[in-house]
Amino acid sequence: MYRPIADGGTGAVSATVGEELPELRRVVTAADVAAYAEAGGDRNPLHLDEAFARSVGFDGVIAHGMFTMGHMAAAVTTWAGEDAVIERITAQFRAPVSMGEEIRAGGTVRAVENGVVIIDTWVSVERGGTTEWPIKKGVVVLRTSANS
């Protein structure tokens, strides 16, 4: 269940080590990726041009790695609530994401101390009965806004 990790008045953190974030799911569409390309200024044809993407070995256009990481961040902020601020994100990009695929993002709370929450995060996709990890070893560091 989504709920805030901090009491907005005191900044007290209610996350616990080992707590699992609920999965956030999203089907990636060409319109999403085109909007991301426009907003971010990354108009690499690998993300927008089917023929080009196929010519370099992909099955079609792929989502930006940062689009996928943004979904991972959305899973964290949806879980954490508006009183939390992302301080740092790291991610290892391991697999492309194609149009029409459902990506799932989640994580596990690794540490909680002095208003800081460290979460091990990931993004997965199912392909032919196998789980692949576009992001397998992400880390998000949150700070409650009361402790910023």
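Located above this text is the structure these notes cover.
What you see is a predicted model; the values in this text were computed from it and never measured. (Residues numbered from 1 in each chain as written. Predicted model: local features only at pLDDT ≥ 70, side-chain atom pairs only at ≥ 80, totals over all residues. Heavy atoms only, no water.)

Looking now at the overall build of the chain. Within the chain, the secondary structure is distributed over 3 helices and 5 strands. Written out in order from the N terminus, the α and β elements of the chain read β-α-α-α-β-β-β-β. Burial analysis of the chain (148 residues in total) assigns 38% to the buried set. (Helix = DSSP H or I, 4+ residues; strand = E, 2+ residues; numbered from the N terminus. Buried < 20%, exposed > 50% of the residue type's maximum accessible area, 1.4 Å probe, protein only.)

All right, on to the side chain of His47 then. Position of His47 among the secondary structure elements: in the loop between helix H1 (30–40) and helix H2 (50–55). The class of His47 is buried, set by a relative accessible area of 9%. Filtering out sequence-adjacent residues up to four positions away, His47 remains in contact with Val33, Asp42, Val61, Ile62, Ala63 and His64. (Contact = heavy atoms within 4.5 Å.)

Val28, Trp79, Val109, Val117, Ile119 and Leu142 are the most contacted members of the largest nonpolar core, which has 24 residues in total. Listed by contribution, the elements that provide at least two residues to this core are helix H3 (65–80), strand E3 (102–113), strand E4 (116–127) and strand E5 (130–144). With 7 residues, the top contributor of residues to this core is H3. If near-sequence neighbours (up to four positions away) are discounted, Ile119 is found in contact with Leu21, Val76, Trp79, Gly107, Thr108, Val109, Arg110, Gly138, Val139, Val140 and Leu142. (Core = buried A, V, L, I, M, F, W, Y, C linked by side-chain atoms within 4.5 Å.)

To continue, consider the packing of aromatic side chains. Aromatic ring pairs are defined here through the distance separating the ring centres and the angle between the ring planes. Across all of its chains, the model carries 2 aromatic pairs by this definition. Arranged with centres 5.8 Å apart and planes meeting at 85 degrees, the rings of Tyr36 and Phe67 form a pair that is edge-to-face. Here the residue Tyr36 occupies a position in helix H1, and Phe67 occupies one in helix H3, the gap between them amounting to 31 residues. For Tyr36, a relative accessible area of 29% puts it in the partly exposed group. The class of Phe67 is buried, set by a relative accessible area of 8%. Arranged with centres 5.7 Å apart and planes meeting at 90 degrees, the rings of Trp122 and Trp133 form a pair that is edge-to-face. Here Trp122 is found in strand E4, whereas its partner Trp133 is found in strand E5, with 11 residues between them in sequence. Residue Trp122 is classed as buried on the basis of its relative accessible area, which comes to 18%. (Phe/Tyr/Trp six-rings, centres within 6.5 Å; stacked < 30°, edge-to-face > 60°.)

Shape is all these values report; function is a separate question.
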